[in-house]
Amino acid sequence: MSDGARYAGAVLTIDLAAVRRNYRSLRSRLGPRVRCAAVVKADAYGLGARYVAPALHAEGCRDFFVAHLEEGLSLRPHLPAAPIYVLNGLPIGGGAECINAGLVPVLNSVAQAEAWSRCARALGRRLPAVIQIDSGMNRLGMTERELSRWVAAGSQFAGIDVQFVMSHLACADARLHAANAMQIAKFQRLAQNFPGSLLSLANSAGVFLGGDFHFDLVRPGSALYGINPLPGQANPMRAVVRLNARVIQIRDIDKGAHVGYGWDFCAEGPLRLATLSIGYADGLHRVLGKNGAVYCDGRALPIVGRVSMDSITIDISELPRDRIVPGSEVEVIGDHQSVDDLAEAMGTIGYEVLTSLGRRFERNYLGATDVSSPEFAGELLS
Ligand SMILES: *Cc1c(COP(=O)(O)O)cnc(C)c1O
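Nothing here was measured: the structure is a model prediction, and the numbers come from that model.

Novice: Report on the packing of helix α1 (residues 16-27) against helix α3 (residues 49-58), specifying residues and quantitative values.
Specialist: Put simply, α1 and α3 touch, their axes get as near as 9 Å, and they point 50 degrees apart. Relative to α3, the element α1 is oriented oblique. α1 and α3 meet at a crossing whose hand is right-handed. For the pair α1 and α3, contact is made by Leu16, Val19, Arg20 and Tyr23 and by Tyr51, Val52, Ala55, Leu56 and Ala58, respectively.

Novice: Please give an account of the site of the ligand that cites residues and values.
Specialist: In the vicinity of the ligand, 14 residues are found, and the nearest of them are Lys41, Tyr45, Ser204, Ser222 and Tyr351. Tyrosine 45 is positioned with one of its side-chain polar atoms (N or O) 2.5 Å from an oxygen atom of the ligand. For the ligand, an oxygen atom lies 2.8 Å from a polar atom in the backbone of serine 222. Expressed as a share of its isolated accessible area of 390 Å², the protein-covered part of the ligand is 94%.

Novice: For the side chain of arginine 76, give the residues involved together with the corresponding values.
Specialist: Residue placement: arginine 76 occurs in the loop between α4 (69-75) and β6 (84-86). For the buried arginine 76, which has no salt bridge, the nearest side chain bearing the opposite charge is aspartate 63, at an N-O separation of 10 Å. Of note is the side chain of arginine 76, whose polar atom sits 2.7 Å from the backbone oxygen of leucine 79.

Novice: Any details on the environment of tyrosine 45? Residues and values, ideally.
Specialist: Checked against the element boundaries, tyrosine 45 lands in helix α2 (residues 41-45). Between the alpha carbons of tyrosine 45 and serine 222 there is a distance of 7.5 Å; along the sequence they are 177 residues apart. In contact with tyrosine 45, other than residues within four places in its own chain, are Val39, Gly221, Ser222, Tyr225, Tyr351, Leu354 and Thr355.

Novice: Tell me what's going on with α3, and back it up with residues and numbers.
Specialist: In an α-helix, one turn spans 3.6 residues; hence positions three or four apart end up facing the same way. Taken across its 10 residues, α3 has 7 buried, putting it largely inside the fold. If you check which residues of α3 are buried, you get Ala49, Tyr51, Val52, Ala53, Pro54, Ala55 and Leu56. Where α3 terminates, the next one or two residues include glycine 60, which has phi positive at roughly 110 degrees.

Novice: Talk me through the confidence of the model for the protein chain; I want residue IDs and the actual numbers.
Specialist: Predicted confidence across the protein chain gives a mean pLDDT of 93, with 95% of residues reaching 70 or more. For the stretch residues 370-382, pLDDT sits under 50, and the model shows 20 contacts to residues farther than four places along the chain or on other chains.

Novice: Describe unusual backbone geometry, listing the residues and the values that go with them.
Specialist: You will see that alanine 42, though not glycine, has its phi angle at about 50 degrees, which is positive. Along the chain, the position of alanine 42 falls in helix α2. Of note in this structure, aspartate 297 is not a glycine but carries a positive phi near 50 degrees. Tracing the sequence through the fold places aspartate 297 in the loop between β16 (293-296) and β17 (299-304). Residue classification places aspartate 297 among the exposed residues on the basis of a relative accessible area of 57%.

Novice: If you had to explain the nonpolar core to someone new, which residues and values would you point to?
Specialist: If you look at the biggest cluster of nonpolar residues, it comprises 120 residues, and the most contacted ones within it are Val40, Trp116, Ile314 and Val330. Here the element with the most residues in this core is α3; it accounts for 6 residues. A domain split of this core shows at least three residues from each of domain 1 (16-225) and domain 2 (241-337). Counting 6 residues, the second largest nonpolar core, distinct from the first, contains Ile253, Val259, Leu273 and Val304.

Rules used in this analysis
Residues numbered from 1 in each chain as written. Predicted model: local features only at pLDDT ≥ 70, side-chain atom pairs only at ≥ 80, totals over all residues. Heavy atoms only, no water. Axes fitted to C-alpha atoms, helices over the stretch in contact; angles between N-to-C directions. Helix = DSSP H or I, 4+ residues; strand = E, 2+ residues; numbered from the N terminus. Parallel < 35°, antiparallel > 145°, perpendicular 65-115°, else oblique. Left-handed = near helix turned anticlockwise from the far one by under 90°. Contact = heavy atoms within 4.5 Å. Near = heavy atom within 4 Å. Polar contact = N/O pair within 3.5 Å; in protein donor to acceptor, adjacent residues only side chain to side chain. Areas by Shrake-Rupley, 256 points an atom, 1.4 Å probe, with all protein chains shown as cover. Buried < 20%, exposed > 50% of the residue type's maximum accessible area, 1.4 Å probe, protein only. Lys, Arg positive; Asp, Glu negative; His and termini not counted. Salt bridge = Lys/Arg side-chain N within 4 Å of Asp/Glu carboxyl O. pLDDT = per-residue confidence, 0-100. Core = buried A, V, L, I, M, F, W, Y, C linked by side-chain atoms within 4.5 Å. Domains from an automatic or database assignment.

In C-alpha cells form, the structure reads like this:
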C-alpha cells in the first residue's frame, strides 16, 4: 500500500507486520488474564493510526488509546468495533460527540466525571468511562483529595460505568528509580476507592518492569513502533520504520568552498557532495548539521553545512564515484541508524523523532491488512 507522491523527496516505509510482531512479543510477557492495549495517539506516533490500529486489531488487540477526542473521532471509522479511550479526557462540551462515536473518556478530574454523569442521566443510561488517578506524576488524573470528594459524594456520579482505573508511570524506563515503587504503592492505595475495578498502570517500559506492574491491562505505545523500551540495553523490539531520502544533485567542490546557510562549513580539501531532498520541515532537526549522518552501503556519510528547510548536503567523497547519482536513495533511518540512534544525534528521544516525521514523504505500508477500509479496496498486500 502506497500513500503520497511518487516524486516525494523521501520514502517512509512502515512495516505493519513488525508492529504486529512487537505486539505479540509484548503480550508474551504478560500473564494469561492481562489485556494488552495499544496506544495510537498522535496518529500512532506519526506512523498512521488508520493503518496501524486495524493491523493491531487483526492481531487480537481490543483496547485502543488516543490522546485527544478529535483523534478518536478520526480513528473510529477505521476501527468500528473496539473501545477507543481518550487519555486527555472529556473536553468541555464534547460529551455528545464522544457518545455518538462510542468513545470512552478517561475522566481526569471530578469536573469531568460530573459532566459525564450529567450526560448519562440526560440519556437515561450508563456510560462507560475510565478513571485516572494521579499517583505522583502531577500531570493528569484525580488527586487524593478529589478522590475522597468522589467517594463522599456517592450518587453524584451516578450513571458512570467504570471500565477500569488507571495511572501513569513517570520513570518506568529507569528500572531502579524510587518513583516506580512509590507510584505503585500510591496507585494501589487510591484504587481501593473503586473496589473490584480492573486496574492499569504500565506503558511500554512498565511492561518490562515485571508482573507487579501489569495489573489487568497494559498500555504500550512506543515499543510497538520499535522504540527501545530498555534504554542502554539491547532493543528487544523489531524495527518498524525505514526512511530513505533521495539525492537531487551532486557536485564537486574545491578546498576552501563553503556549504549552506551562514557558510558554516568550509571544505578543507576537495569534496564530492550530494544534496538530499529532505530538511527540517521533514523532521530532521537543525542540530544534525553539527553531528548528523546518513548511510549508504553501511558507510556513514556526514551531513555538512546547516540543515535547510527542504534539503541537506552530505559528503559522499568516500564512496565509489558513480555509486550515487541523482535519484539514488540513502538511508536516514534503517539498518545502520535506528530511530533511537537518530534521536540521540538530535538530542531527543525516539518518540519525538517519530512524531516529527514530515507529511511530505511517500509512505509505503508493508503487511497492510485492513480490508474493510476503503483505501485498501483492490490494494491488498501480502
Ligand atoms: C503515551 C502514553 C502511554 C504509552 O507510553 P509508551 O511509553 O509510548 O509506551 C501509556 N499511557 C499513557 C497515559 C500515555 O500518555
